[in-house]
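So you can see what is in the structure, the chains are spelled out below.
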Amino acid sequence: MAPNDSLREAAIKMRASGQSCLPVLNGRAFTGIITERDLTEAVARGVRPAESSVVDYTNDGGVSVSLDDDVAMAEVKMLAIGCRNLPVLDRGSVVGTISMRDVVLKTAVSAVRPTPVNATAVPSEWPEEAAPDADSES
């Protein structure tokens, strides 16, 4: 998203991509993120999404994680500032976002060792469920 894009455009992009937040870039420079929560708050205040700019509702871009950070660092930062999404940067460029849902899933899957932020949020294959016992009723 560009800072001058409308909130309506942000909502359309979120819906099309299935994402709950989008990075806001001024050219190539990361300036923040816009979230579903930001859109909801703006609409609840009575703003007209087609006439309001993303920049007016963008969360500060000062808090992010890098590809080298582990998931625990992302969790600490989210809890510290009370957000559910953080941008993931690699050498100053946005390469994605991590959500609290990603943190919870990754923590549940691998609670034994720190996991880099760039690791997949869920395992590539979930363990198969055990076959039902022949004696059990279905």
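The rules behind the values
- Residues numbered from 1 in each chain as written.
- Predicted model: local features only at pLDDT ≥ 70, side-chain atom pairs only at ≥ 80, totals over all residues.
- Heavy atoms only, no water.
- Pairing = 2+ DSSP bridges.
- Helix = DSSP H or I, 4+ residues; strand = E, 2+ residues; numbered from the N terminus.
- Contact = heavy atoms within 4.5 Å.
- Axes fitted to C-alpha atoms, helices over the stretch in contact; angles between N-to-C directions.
- Buried < 20%, exposed > 50% of the residue type's maximum accessible area, 1.4 Å probe, protein only.
- Arc of directions from axis to C-beta.

Peer 1: Hey, could you go over the sheet that holds strand β4 (residues 65-66) for me, with residue numbers and the actual values?
Peer 2: With respect to topology, three strands assemble into an open sheet ordered β4-β5-β6, the strand pairing being mixed. Edge positions in the sheet fall to β4 and β6 (93-99), since each of these pairs with one other strand and no more. The sheet strands contacting helix α3 (residues 71-81) are β4, β5 (85-90) and β6, and the helix crosses β5 at an angle near 135°.

Peer 1: So, the pairing of strand β1 (residues 21-26): which residues are in play, and what are the values?
Peer 2: Pairing of β1 with strand β2 (residues 29-35), which is carried by six bridges, proceeds in the antiparallel orientation. Bridge assignment links C21 to a residue of β2, and that residue is T35.

Peer 1: A description of helix α2 (residues 36-44) should follow, citing residues and the corresponding values.
Peer 2: Those residues of α2 not exposed but buried are D38, L39 and A42. Looking down the long axis of α2, one finds its buried residues gathered within 100° of arc, a one-sided arrangement. Exposed residues pointing more than 90 degrees away from the buried face of α2 are listed as T40 and A44. Residues of α2 that are buried sit in contact with α1 (7-17), β2 and β3 (59-60). Backbone geometry just after α2 places G46 at a positive phi near 95°.

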